[in-house]
Amino acid sequence: MTNVLRRTVLFSAATGAASVLFPTKASAVEKQYDPDIFAIEARMMRLSNRGSSLTESEKYGVLLATCSAQGLRDEAAEITAEALIAGVKPLVLRESVYQTAPYVGLGRMKEALTGVNEAFRKAKVPLPLPSQTTVDDENRLTKGIEVQTALFGDNIAKMHREATESTRALIVDDLSSFCFGDFFTRSGMSVKERELIVFAAVAALGGCESQLRGHGVANLKQGTSKQNLIDALQVCVPLNGFPRTLNALSVLDLNN
């Protein structure tokens, strides 16, 4: 990121905590060329005004999940820097990005992860962070099926039974072991916390409303409230825009 695009963190005069994401302490050139957009950005990324039912860790986590879904390296670096100032643990920030990998793809995830690690290095966070892996090649499939079944119930056994020979390696082996065995079994974050991250990442992808609905239900089953999910969408709307956000909102079936 060039010096022209770098921004610094503003602090709340009352609390000393980071209060604005992507604050507009921009260069004179930036302010001269586009003062309106920077003022709007600062207003929309003021976390103290957004997502009131979420913790600080959850707010930064869903923002990083959104960066991962969109492959946003610079924004991920800025969000991570501000999250560290706000007291969010580095391990939670890293796991928030890792968790998105089987949903958004490794390429986009690694782009965001590069930004996260840049912020860690600048903040003198010792790297690498401790491994949170709890599975190996022998048990990742069985452990993944256990988590998958806990989240989605008997539908998983039915899906496995109905998988054809041509799709079994993808639907059973890869989905259950990679998506659930490799990631949901990791320590450092609970399954409940990981499901909120997944919801935010899938919402940021757009066009995945069927999968988003399933993860919305899984979130509710884990004890995340519908308001938590709405607030996650509100926190991320400046990065996602309204078409994706309203599509995601529609799957929550707010009449029930």
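Residues numbered from 1 in each chain as written. Predicted model: local features only at pLDDT ≥ 70, side-chain atom pairs only at ≥ 80, totals over all residues. Heavy atoms only, no water.

Draft legend 1. The overall build of the chain, seen in detail. Within the chain one finds 14 helices and 0 strands. Of all 256 residues assigned to the chain, the portion counted as buried reaches 43%. Taking contacts inside the chain between residues at least 6 apart in sequence as the whole, the part at least 24 apart equals 69%. Accessible surface for the chain amounts to roughly 12600 Å². Of this, 55% is attributable to carbon and sulfur atoms. (Helix = DSSP H or I, 4+ residues; strand = E, 2+ residues; numbered from the N terminus. Buried < 20%, exposed > 50% of the residue type's maximum accessible area, 1.4 Å probe, protein only. Contact = heavy atoms within 4.5 Å. Areas by Shrake-Rupley, 256 points an atom, 1.4 Å probe, with all protein chains shown as cover.)

Draft legend 2. Highlighting the packing of aromatic side chains. One pass over the structure, following the stated rule, counts 3 aromatic pairs. For the pair Phe152 and Phe180, a centre-to-centre distance of 6.0 Å together with 80° between the ring planes defines the contact as edge-to-face. Of this pair, Phe152 sits in helix 8 (residues 140-152) while Phe180 sits in helix 10 (residues 168-184); the two residues are 28 residues apart in sequence, bridging distant segments of the chain. Ring centres 5.1 Å apart and planes at 15° place the aromatic pair Phe180 and Phe184 in the stacked group. Highlighted residues: Phe180 and Phe184, both in helix 10, separated by 4 residues, approximately one helical turn. By relative accessible area, Phe180 is classed as buried at 4%. Judged by relative accessible area, which is 2%, Phe184 ranks as buried. Here the aromatic cluster, defined as three or more aromatic residues joined through ring pairs, consists of Phe152, Phe180 and Phe184. (Phe/Tyr/Trp six-rings, centres within 6.5 Å; stacked < 30°, edge-to-face > 60°.)

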